[in-house]
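Per-entry structural report
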Amino acid sequence: MADTKPHLNLAFIGHVDHGKSTTVGRLMFETGAVDPHVIDEYKKEAASKGKATFEFAWVMDSLKEERERGVTIDIAHHRFDTAKFYFTVVDCPGHRDFVKNMITGASQADAAVLIVAVPDGVMAQTKEHVFLSRTLGVNQLVVAMNKIDATTPPYDEKRYNEVKEEVGKLLKMVGYKVDDIPFIPLSGLMGDNLAKASPNTPWYKGPTLLEALNNLKVPEKPTNLPLRVPVQDVYTISGVGTVPVGRVETGVMRKNDKIVFQPANVTGEVKSIEMHHEEVPEAFPGDNIGWNVRGVSKKDIRRGDVCGSVEKPPTVAKEFKAQIVVLQHPSAISAGYTPVFHCHTAQIACTLTAILAKLDPRSGAVKEENPAFIKAGDAAIIMVTPSKPMVIEPVKEIPQLGRFAIRDMGTTVAAGMCMSVVPR
């Protein structure tokens, strides 16, 4: 059964304990995705564990460890429907150990809800998540000013305005158009301004959270760009043959197309395309597919390879120039540093061969040419050499294959985008 409503991936981001899971849980409850009796059971269980008020959060935090610690660790995927869209919610962890999961979530998101607790204001992870979502290409944002019921006095307009200004400055700094972004005073726990306007905030005239979500736009499907399908896995299915699986990022794949996998450099022909266990004649951006390829064996290709058309094959980089933001690193980063780059489905060790410039993260202007090192908080332009062949595209040409995260020692060190490629 095909969904007639357009689909959007929605990430919830923000600092730990600012009420992301509670807000999402409440939203699912208000849109009928969760039964009231489930909430009642959670409510009793939460009170008995000394975690009263956590009942809505538990809708999302299904892992037992999360309930006991009261923090979100993995990315939870849940569906809910509004009048206009069906949403898949990617509830991204706010706790700093879990930033790598947050990157996975945000890089799949069409839009994000940034949750800021009004009593606390902007915190460290609020900043980090805003930087990341911008770098990872999340262009649509809604700001949920949560816990408005917990200000002193409750529902205080003055405090709302202070925090709104503080968040606005941060968003402007990374290049969001603040005038287009709704700032909604709400209470995930009490339900103020979630699905209906609250009598407790007569001073607020803007949309509720649900209305703001219905006002989001469906991103253009990049069907006019060359075909790019990063491979997630490859199977051999008896009687069928080689079947790679992955998500179409750009372009359109059709039966009988001549395709090439890079950097494996093998060509084949699309025999059939399957989506949700049904054969389809063509696949579009956003579709998760398996496709049977004639002329390619399972041992020829692997996760991280990218499938493209023979006429416009994926670009394999000898080296590339990139702009990055360093999020955290215990010391300084200088030329010669070799962390792991996560780009589409590839994870490849790459060496920073040169640091060309240090940028002012607020304006993007060059602060220093050829600096000896960069550290946490810096933005920079760097040259990178992958340790083995890797597909990456300039972000201006194929944005979906131009963004990456840099990880080292179990943490995300930086996020960035590819500016230009020297092909092999």
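A quick note: this is a predicted structure, and the numbers were derived from the prediction, not measured.

Conventions we followed
- In this convention, every chain numbers its residues from 1, walking through the sequence in written order.
- Restriction of local features to residues with pLDDT of at least 70 applies here, the model being predicted, together with a cutoff of 80 or more for giving and counting side-chain atom pairs; totals for whole chains, interfaces and linings are based on all residues.
- Processing note: side-chain calculations cover all non-hydrogen atoms of the structure and skip hydrogens and water entirely.
- Secondary structure elements follow DSSP: runs of H or I of four or more residues count as helices, runs of E of two or more count as strands, with numbering from the N terminus.
- Should any heavy atoms of two residues lie within 4.5 Å, those residues are counted as being in contact.
- All accessible areas in this document rest on Shrake-Rupley with a 1.4 Å probe, and a residue is counted as covered only by the protein chains that are shown.
- Salt bridge, as applied in this entry: a Lys or Arg side-chain nitrogen positioned within 4 Å of an Asp or Glu carboxyl oxygen.
- Three labels apply to residues, based on accessible area from a 1.4 Å probe with only protein chains included: buried if under 20% of the type maximum, exposed if over 50%, partly exposed otherwise in between.
- For every residue, the predictor states its confidence as a pLDDT score lying anywhere from 0 to 100.
- Within 3.5 Å is the distance limit for a polar contact, defined as a pair of N or O atoms, with the added protein rule that one can donate a hydrogen and the other accept it, and that residues adjacent in sequence qualify only through two side-chain atoms.
- Any two strands with at least two DSSP-identified bridges between them are counted as paired.
- Between the first and last residue of a helix there are one fewer steps than residues, each counted as 1.5 Å, and that sum is the expected span.
- Taking the helix axis as origin, the arc is that swept by the directions to the C-beta atoms.
- What counts as a ring pair is set by centres within 6.5 Å for rings of Phe, Tyr and Trp (its six-membered ring), and what kind of pair is set by the plane angle: stacked under 30 degrees, edge-to-face over 60, tilted for all other angles.
- Residues enter patches when they are more than 30% accessible in relative terms and free of salt bridges; like-charged ones are connected within 9 Å and nonpolar ones (Val, Leu, Ile, Met, Phe, Trp, Tyr) within 5 Å.

1. Focus: the overall build of the protein
Helix and strand content of the protein: eight helices and 23 strands. Put simply, 70% of the contacts in the protein that link residues at least 6 apart link residues at least 24 apart. For the protein, the computed accessible surface area is about 19100 Å², with 51% contributed by carbon and sulfur atoms.

2. Let's talk about the pattern of salt bridges
If you walk through the whole model with that rule in mind, you get 11 salt bridges. The residue Arg 247 makes a salt bridge to Glu 249 at a minimum N-O spacing of 3.4 Å. Residue classification places Arg 247 among the partly exposed residues on the basis of a relative accessible area of 25%. Owing to a relative accessible area of 19%, Glu 249 belongs among the buried residues under this scheme. Taken together, the shared-partner salt bridges in this structure form one network comprising Lys 158, Arg 159 and Glu 162.

3. Describing the confidence of the model for the protein
Mean pLDDT for the protein: 84, with 86% of residues reaching 70 or above. Counting interchain partners and residues more than four positions distant, the pLDDT-below-50 stretch residues 70-77 has 37 contacts. With pLDDT under 50 throughout, residues 93-100 is counted as low confidence; its partners more than four residues away or in other chains account for 28 contacts.

4. A short note on helix α1 (residues 20-30)
Among the 11 residues that make up α1, nine are buried, leaving the element largely enclosed by the rest of the structure. Just downstream of α1, Gly 32 is the residue with a positive phi angle, here 80°.

5. Description of unusual backbone geometry
With an omega of -10°, the peptide bond between Thr 152 and Pro 153 qualifies as cis. Pro 263 follows Gln 262 through a cis peptide bond whose omega is 0°. Mapped onto the elements of the fold, Pro 263 is located in the loop between β10 (258-262) and β11 (266-275). Phi is positive for Asn 256, close to 70°, though the residue is something other than glycine. Following the sequence through the fold, Asn 256 ends up in the loop between β9 (253-254) and β10.

6. Details of the side chain of Asn 292
With respect to the element layout, Asn 292 can be found in strand β14 (residues 288-294). Overall, the relative accessible area of 5% leaves Asn 292 in the buried class. A polar side-chain atom of Asn 292 sits 3.0 Å from the main-chain carbonyl oxygen of Thr 242. Those residues within four positions of Asn 292 in sequence are excluded, and the remaining contacts are Val 240, Gly 241, Thr 242, Val 243, Glu 269, Val 270, Lys 271 and Ser 272.

7. Considerations on the environment of Ile 184
Residue placement: Ile 184 occurs in strand β6 (residues 183-185). Overall, Ile 184 belongs to the buried group, its relative accessible area being 0%. Once the C-alpha coordinates of Ile 184 and Tyr 204 are considered, the two residues, 20 residues apart in sequence, prove to be 8.2 Å apart.

8. Remarks on the pairing of strand β8 (residues 241-247)
In terms of burial, β8 is largely enclosed, as five of its seven residues are buried. Relative to β8, strand β7 (residues 228-237) is paired through six bridges, and the arrangement is antiparallel. Of the residues in β8, the one forming a bridge with Tyr 235 is Val 243. In sequence, β7 turns back onto β8 through a hairpin of three residues, with Gly 239 there showing a positive phi of about 85°.

9. Brief notes about helix α7 (residues 157-173)
Look at α7: 24 Å from first C-alpha to last across 17 residues, which is about the 24 Å you get at 1.5 Å a residue. Looking at α7, one finds that the buried residues are Tyr 160, Val 163, Val 167, Gly 168, Leu 170 and Leu 171. Each buried residue of α7 lies within a common arc of 160° when the element is viewed along its axis, so the set occupies one face. The outward face of α7, more than 90 degrees from its buried face, is lined by the exposed residues Lys 158, Glu 165, Lys 169 and Lys 172.

10. With respect to the packing of aromatic side chains
Considering all chains together, one arrives at six aromatic pairs under this definition. Residues Phe 320 and Phe 404 carry aromatic rings whose centres are separated by 6.1 Å and whose planes lie at 65° to one another, so their mutual orientation is edge-to-face. On the criterion of sequence distance, the pair formed by Phe 320 in strand β16 (residues 316-326) and Phe 404 in strand β22 (residues 403-408) is long-range, its members being 84 residues apart. Across this residue pair, the class does not change: Phe 320 and Phe 404 are buried. Taken together, the ring pairs in this structure connect Phe 320, Phe 341 and Phe 404 into an aromatic cluster.

11. Some points on the pairing of strand β1 (residues 7-14)
Counting buried positions along β1 yields seven of eight residues, so the element is predominantly enclosed. When β1 meets strand β4 (residues 111-117), the two strands line up parallel, connected through five bridges. Within β4, the residue paired with Phe 12 across the bridge is Val 113.

12. Topic: the environment of Arg 134
Tracing the sequence through the fold places Arg 134 in helix α6 (residues 124-135). Between the C-alpha atoms of Arg 134 and Tyr 176, which are 42 residues apart in sequence, the distance is 8.0 Å. Contacts of Arg 134, omitting those with residues within four sequence positions, involve Asn 139, Val 174, Gly 175, Tyr 176 and Arg 403.

13. Points about a nonpolar patch on the surface
A contiguous nonpolar surface patch, about 250 Å² in accessible area, is contributed by Tyr 235, Ile 237 and Val 240. Secondary-structure assignment places Ile 237 in strand β7. Overall, Ile 237 belongs to the partly exposed group, its relative accessible area being 39%.

14. Examining the environment of Met 190
Mapped onto the fold, Met 190 is located in the loop between β6 and α8 (209-214). For the pair Met 190 and Arg 26, spaced 164 residues apart in the sequence, the C-alpha separation amounts to 8.7 Å. Each residue touching Met 190, except ones within four places of it in the same chain, is listed here: Arg 26, Asp 149 and Tyr 155.

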